[in-house]
2 protein chains.
Amino acid sequence: MRVPEVRVMGVDPGLTRCGIGAVEGRPGAPLSLVGVGVVRTPADHDIGARLLAVEAGVERWLDEVKPDAVAVERVFAQHNVRTVMGTAQAAAIAIVCAARRGLPVALHTPSEVKAAITGSGTADKRQVGMMVSRLLRLDAMPKPADAADALALAICHVWRGGAQNRLADAVARARAGRTTGGDVP
Amino acid sequence: MRVPEVRVMGVDPGLTRCGIGAVEGRPGAPLSLVGVGVVRTPADHDIGARLLAVEAGVERWLDEVKPDAVAVERVFAQHNVRTVMGTAQAAAIAIVCAARRGLPVALHTPSEVKAAITGSGTADKRQVGMMVSRLLRLDAMPKPADAADALALAICHVWRGGAQNRLADAVARARAGRTTGGDVP
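Values in this document were obtained by computation on a predicted structure and should not be read as measured data.

Trainee: Sorry, what's going on with the side chain of Asp146(A) here?
Mentor: Residue and element names in this part refer to chain A. Within the fold, Asp-146 resides in helix α5 (residues 145–175). One polar contact links Asp-146 to Arg-17, side chain to side chain, over a distance of 2.9 Å. With residues up to four places along the chain from it excluded, the contact list for Asp-146 reads Asp-12, Arg-17 and Gly-19.

And the structure:
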């Protein structure tokens, strides 16, 4: 069974810079870049205005990219206490925008993403950026780092999501009693 | 100058239980209860479905209460690491729902609320619940504690917001050169 191509929009959440990166592909085949950018909100605006601006930005990207799934970085309370609340709140907005459209939302931790892209869960930003450029055959590293991280999330999801989907499909077929004679991976 | 009555909806954010409580009043006058309740979301649903349910619940309450302002508990990364991310994300949804309607959103810390309601920033939940019942002349303490906390937030905002508004008005009048002979509080 050939896994179909999937278009994934990655979101590296943040209030000051929310990275957005979309790729298309399937596990084991070359990936292609759909789009990449950053949604920025002014630090001197109040939290309501900033979250509204993140929402508007994410909605515009969803309209443009029309992804099959959205991957958002999983935020932990332990990391970077000064900015983590804003990060969590921007993530909430991205998640609810996707869920409102009925899109599947996956959360991946930074170390899952790094491990998927570079082979090491502790890779630094430059290494992630280099691998993103290589995997998408880009001439230069996407800037800022938030944009590269969003692409890394999307790539990670194409690869991991693919595996999860194949597993889910296999389970569904097994439950439906169609495992014998089928084209099971 | 008599400060006009203001209707405030308080939100004690949470994914499992999001407390909502609305009051009407002005500083120095008896307050009245507008409504109180809880938006619940099932712990076994995914984060997208839960945030959507919080959004739908907050929207329903905003439609019903028609507040002049919304007060949301300010969440800190230091507190209760296990649940803080869900709390921050539910808060983000409440903030964006209010901001979308152009309503002013205020954030108050738990200790600001406790100090406003009980005179002590370290009061326990029972003391807060008792004072909420007394101030709103209720026969029983609102249950669960999240509902009582949401009312406490709203009361805190009527009192603090009132003071802030008077100050802002005074400043605005001073800047407009209308301080002499005016009805300055």
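After that view of the structure, there is still more to cover.
Trainee: What is the right way to read the sheet that holds strand β1 (residues 6–12) of chain B from this model?
Mentor: Sheet strands pair by backbone hydrogen bonding; their relative direction is either parallel or antiparallel. Residues and elements named next belong to chain B. The sheet built from 5 strands is open, its strands ordered β3-β2-β1-β4-β5 with mixed pairing. Two strands bound the open sheet, and with one partner strand each, they are β3 (32–40) and β5 (105–108). For this sheet, the mean inter-axis angle between neighbouring strands, taken without regard to orientation, is 20°. Of the strand pairs in this sheet, β1 and strand β2 (residues 17–25) are connected by 7 bridges, and their pairing is antiparallel. Each residue of the ladder has a partner; that of Val-8, found in β2, is Val-23. Across the sheet, helix α1 (residues 47–65) is in contact with β1, β2, β3 and β4 (69–73); its angle to β3 comes to roughly 165°.

Trainee: Looking at this model, I keep getting lost on the state of the cysteines. Mind explaining?
Mentor: One way to say it: the disulfide is the covalent bond shared by the sulfur atoms of two cysteines. Residues and elements named next belong to chain B. Under the counting rule described, the total for this entry stands at 0 disulfides over all chains. With no disulfide partner, Cys-18 has as its closest neighbouring cysteine sulfur the one in Cys-97, 9.6 Å distant. Since its relative accessible area comes to 0%, Cys-18 is described here as buried.

Trainee: What exactly am I supposed to notice about the sheet that holds strand β2 (residues 17–25) of chain A here?
Mentor: Residue and element names in this part refer to chain A. In space, the 5 strands of this open sheet follow the order β3-β2-β1-β4-β5, with mixed pairing throughout. The sheet is open, and its two borders are formed by β3 (32–40) and β5 (105–108), each paired with just one other strand. Neighbour-to-neighbour, the strand axes of the sheet open up by a mean angle of 20°, direction not taken into account. Relative to β3, helix α1 (residues 47–65) is tilted by about 165°, and along the sheet it contacts β1 (6–12), β2, β3 and β4 (69–73).

Trainee: How should I be thinking about the pattern of salt bridges in this particular structure?
Mentor: Two side chains with opposite charge may pair up if their charged atoms get near one another. Tallying each qualifying case throughout the model produces 20 salt bridges over all chains. Put simply, Glu55(A), Glu59(A), Asp63(A), Arg100(A), Arg101(A), Glu55(B), Glu59(B), Asp63(B), Arg100(B) and Arg101(B) are held in one network by salt bridges that share partners.

Trainee: Looking at this model, I keep getting lost on unusual backbone geometry. Mind explaining?
Mentor: Residue and element names in this part refer to chain A. The residue after Lys-143, namely Pro-144, is reached through a cis peptide bond having omega -10°. Mapped onto the elements of the fold, Pro-144 is located in the loop between α4 (125–135) and α5. The backbone of Lys-66 sits at a positive phi, close to 45°, despite the residue not being glycine. Within the fold, Lys-66 resides in the loop between α1 and β4.

Trainee: What exactly am I supposed to notice about the packing of helix α3 (residues 110–118) of chain B against helix α4 (residues 125–135) of chain B here?
Mentor: To describe two helices that pack against each other, one gives the angle between their axes and the distance between the axes. Residues and elements named next belong to chain B. Packing of α3 against α4 brings their axes to within 9 Å, and their N-to-C directions diverge by 50°. Taken together, the axes of α3 and α4 lie oblique to each other. Here α3 and α4 pass one another in a crossing that is left-handed. For the pair formed by α3 and α4, the contact residues are Lys-114, Ile-117 and Thr-118 on the first element and Gln-127, Val-128, Met-131, Val-132 and Leu-135 on the second. Of the residues that constitute the contact of α3 with α4, the class distribution is 5 nonpolar, 2 polar and 1 charged.

Trainee: Would you mind showing me how to read α1(B) here?
Mentor: A rise of 1.5 Å per residue sets the reference length of α1(B), with its 19 residues, at 27 Å; its end C-alpha atoms lie 27 Å apart and thus fit the reference within 8%. Lys66(B) lies just past α1(B) and shows a positive phi near 50°.

Trainee: Help me understand the pairing of β4(B) in this model?
Mentor: Every regular strand shows the same layout, with side chains that alternate between the two sheet faces. Residue and element names in this part refer to chain B. The buried fraction of β4 amounts to 4 of the 5 residues, a majority that puts the element mostly inside the structure. Strand direction decides the pairing type here: β4 and β5, joined by 4 bridges, are parallel. In the strand pairing of β5, Glu-73 is matched with His-108.

Trainee: I keep staring at the relation of the copies chain A and chain B and nothing clicks. Help me out?
Mentor: One chain copy maps onto the other through a rotation about an axis and a shift parallel to that axis. The transform that puts chain A on chain B rotates by 180° and translates by 0.0 Å along the axis, for an RMSD of 0.0 Å. Taken together, the rotation and translation relating the two chain copies correspond to the operation of a two-fold axis. When C-alpha distances to the rotation axis are compared across chain A, the minimum falls at Gln89(A), with a value of 2.5 Å. Both copies share a contact surface, since 100% of the interface residues of chain A are interface residues in chain B too.

Trainee: Got a minute to help me understand the pairing of β4(A) in this structure?
Mentor: With 4 bridges joining them, β1(A) and β4(A) adopt parallel strand pairing. The partner of Met9(A) across the bridge, within β4(A), is Val70(A).

Calculation criteria
- Residues numbered from 1 in each chain as written.
- Chains lettered and ligands numbered in written order.
- Predicted model: local features only at pLDDT ≥ 70, side-chain atom pairs only at ≥ 80, totals over all residues.
- Heavy atoms only, no water.
- Helix = DSSP H or I, 4+ residues; strand = E, 2+ residues; numbered from the N terminus.
- Polar contact = N/O pair within 3.5 Å; in protein donor to acceptor, adjacent residues only side chain to side chain.
- Contact = heavy atoms within 4.5 Å.
- Pairing = 2+ DSSP bridges.
- Axes fitted to C-alpha atoms, helices over the stretch in contact; angles between N-to-C directions.
- Disulfide = S-S within 2.5 Å.
- Buried < 20%, exposed > 50% of the residue type's maximum accessible area, 1.4 Å probe, protein only.
- Salt bridge = Lys/Arg side-chain N within 4 Å of Asp/Glu carboxyl O.
- Parallel < 35°, antiparallel > 145°, perpendicular 65-115°, else oblique.
- Left-handed = near helix turned anticlockwise from the far one by under 90°.
- Nonpolar A, V, L, I, M, F, W, Y, C, P; charged D, E, K, R; others polar.
- Expected span 1.5 Å × (residues − 1).
- Least-squares fit on C-alpha atoms with pLDDT ≥ 70 in both.

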